[in-house]
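Below are the chains, spelled out letter by letter.
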Amino acid sequence: MGQKKDLTGSEKSKIVRYLAEGCSSLKIAKLLKRDHRTIKRFIQNSQQGRKKRVEKPRRKITAHELRKVKRAAAKMPLATSLAIFQSCNITGVPKSTRCAILRDMAKVRKAERRPPLNKTHKLKRQDWAKKYLKTDFSKVLWTDEMRVSLDGPDGWARGWIGKGQRAPVRLRRQQGGGGVLVWAGIIKDDLVGPFRVEDGVKLNSQSYCQFLEDTFFKQWYRKKSASFKKNMIFMQDNAPSHASKYSTAWLARKGINEEKLMTWPPCSPDLNPIENLWSIIKCEIYKEGKQYTSLNSVWEAVVAAARNVDGEQIKTLTESMDGRLLSVLAKKGGYIGR
């Protein structure tokens with residue numbers, strides 16, 4: 001009788017069946033034409049079963065070490081759990097335990113994005129706040145551009161997925177699939193626009209002024225009364241196409257100059273209330289992780305979302321300016337959030 005090295009899966013199944021029928025190991029060896037020692041070894045190994053996993057005792061964390069971890073987490077908010085525990089010289093703690101401990105004292109959150117503010121920026125923000133502290137902000141037109149992509153901001157397509165269910169499939173495209181540049185303004189409780197910048201047009205000084213002529217001036221500003229035009233203050237940020245000599249001179253020829261053109265401090269999107277309007281619109285057009293297949297479809301979504309923003313919401317934003325100025329002064333020019 002030949003001796004083979006390993007039993008096949010079929011042979012193992014037959015051994016189990018023969019054992020259930022009451023056959024001895026010697027008889028099974030003859031039936032399978034295998035060496036008796038091989039059959040006997042398989043039966044012995046099967047009867048031994050799997051070895052029980054010996055759990056190592058977990059490292060106990062003292063109250064003193066917990067306080068050290070809490071201080072380290074506050075100093076290193078973007079560090080991993082391993083880095084936090086290593087900085088406290090606490091070793092031998094598994095990842096699951098580290099995360100459980102940190103969840104009791106902290107929350108996983110994304111880092112906030114904000115423009116860099118140096119000493120000069122803060123001084124200019126304070127000077128700006130003092131200059132416009134007594135301004136009637138109901139007469140200020142707050143303007144800005146926003147870019148919307150087909151896929152929306154990264155990290156927004158998240159949600160609760162039931163157990164046993166697969167997450168929805170999202171299209172993956174470079175640069176978010178392309179996008180549309182949108183310009184709009186808000187004044188008191190009124191929304192100006194939104195207006196779409198022509199696809200492929202890069203906004204330099206000349207194209208920016210031409211865009212304002214074709215949209216803002218022809219479609220909105222021209223219809224206003226002389227008294228309104230006399231009192232309106234035009235606000236724009238310090239983008240190169242806005243703050244250039246060409247754009248400033250062009251706006252001056254349109255009657256928007258000196259006190260009618262608001263000076264703007266550097267690195268200050270948190271002071272512009274229209275940024276909050278962009279957030280409202282983006283939350284609406286990208287809700288439930290929605291994606292778009294064409295630039296026209298995302299533009300139509302922007303227009304529909306803008307129409308749903310009522311005058312009271314806009315008024316709340318424009319009336320928030322007094323509080324923003326006071327916050328800037330209280331924080332000595334520091335970032336105030338949106």
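Residues numbered from 1 in each chain as written. Predicted model: local features only at pLDDT ≥ 70, side-chain atom pairs only at ≥ 80, totals over all residues. Heavy atoms only, no water.

Labelled according to an unreviewed UniProt entry, the protein chain appears under the name Tc1-like transposase DDE domain-containing protein, originating from Oreochromis niloticus.

Section: the nonpolar core
In plain terms, the rule: Here, nonpolar core means buried Ala, Val, Leu, Ile, Met, Phe, Trp, Tyr and Cys residues that are tied together by side-chain atoms lying within 4.5 Å of each other. Buried means the residue's accessible area, taken with a 1.4 Å probe over protein chains only, is under 20% of the maximum for its type, while exposed means over 50%, and partly exposed covers the values in between. Runs of H or I in DSSP of at least four residues are treated as helices and runs of E of at least two as strands, each being numbered from the N terminus. Here a residue-residue contact requires only that any non-hydrogen atoms of the pair lie within 4.5 Å.
The biggest cluster of nonpolar side chains holds 39 residues, and the ones touching the most others in it are Trp 128, Trp 142, Val 148, Met 262, Ile 281 and Ile 285. Only helix H7 (119-131), strand E1 (140-149), strand E2 (179-187), strand E4 (233-235), helix H12 (274-285), helix H13 (295-307), helix H14 (311-318) and helix H15 (321-330) provide two or more residues apiece to this core. Of all the elements, H13 adds the most residues to this core, at 7 residues. In this structure Ile 281 touches Met 146, Val 302, Ala 305 and Ala 306, once residues within four positions along its chain are discounted. Of all hydrophobic cores here, the second largest spans 21 residues; its members include Trp 183, Leu 212, Trp 220 and Phe 234.

A closer look at the environment of Asp 190
Following the sequence through the fold, Asp 190 ends up in strand E3 (residues 190-196). Measuring from C-alpha to C-alpha, the distance between Asp 190 and Ile 314 comes to 6.8 Å, with 124 residues separating the pair along the chain. In this structure, Asp 190 is in contact with Gly 185, Trp 220, Lys 224 and Ile 314, ignoring residues within four places of it in sequence.

A short note on helix H1 (residues 9-20)
Stated formally: Under the convention used throughout, the expected extent of a helix is 1.5 Å for every residue step, that is, one less than its residue count. Working note: the arc is built from the helix axis to C-beta atom directions.
With 12 residues, H1 extends 17 Å from end C-alpha to end C-alpha; this agrees with the ideal 16 Å at 1.5 Å per step. Turning to H1, its buried residues are Glu 11, Ile 15 and Tyr 18. Around the axis of H1, the buried residues are gathered within 70° of arc, so they sit on the same side. Projecting away from the buried face of H1 at angles above 90 degrees are the exposed residues Gly 9, Val 16 and Ala 20. In the segment just after H1, Gly 22 is the residue with positive phi, at about 95°.

A look at the domain arrangement of the protein chain
Accessible area lost on assembly of the parts is the figure often given for the size of an interface. Definition in use: Segment limits for the domains were obtained from an automatic or database-derived domain assignment.
When the domains of the protein chain are assigned, the result is domain 1 (9-44), domain 2 (63-105) and domain 3 (119-155 + 177-331). Computed over C-alpha atoms, the centres of domain 2 and domain 3 are 44 Å apart.

Some remarks on the pairing of E2
Operational definition: For two strands to be treated as a pair, DSSP must find no fewer than two bridges joining them.
The element E2 is extensively covered by neighbouring structure, given that 8 of its 9 residues are classed as buried. Where E1 lies against E2, 8 bridges are found, and the strand directions are antiparallel. Note on E2: the bridge partner recorded for Asp 144 is Ala 184. Here E2 pairs with E3 via 5 bridges, running antiparallel. Each bridged residue has a counterpart across the sheet, and for Ile 187 the counterpart in E3 is Asp 190. The turn linking E2 back onto E3 is made up of 2 residues, and Lys 188 within it adopts a positive phi angle of 55°.

What about the side chain of Thr 318?
This is how it is decided: As used in this structure description, the phrase polar contact means that two N or O atoms lie within 3.5 Å; if the pair is within protein, one of them must be able to donate a hydrogen and the other to accept it, and residues adjacent in sequence are counted only when both atoms belong to side chains.
If you trace the backbone, Thr 318 turns up in helix H14. The buried category is assigned to Thr 318, whose relative accessible area is 4%. Within the structure, the side chain of Thr 318 is placed 2.8 Å from the backbone oxygen of Lys 188, a separation counted as a polar contact. Discounting residues that sit within four places of it in the chain, Thr 318 has contacts with Phe 137, Trp 142, Ile 186, Ile 187 and Lys 188.

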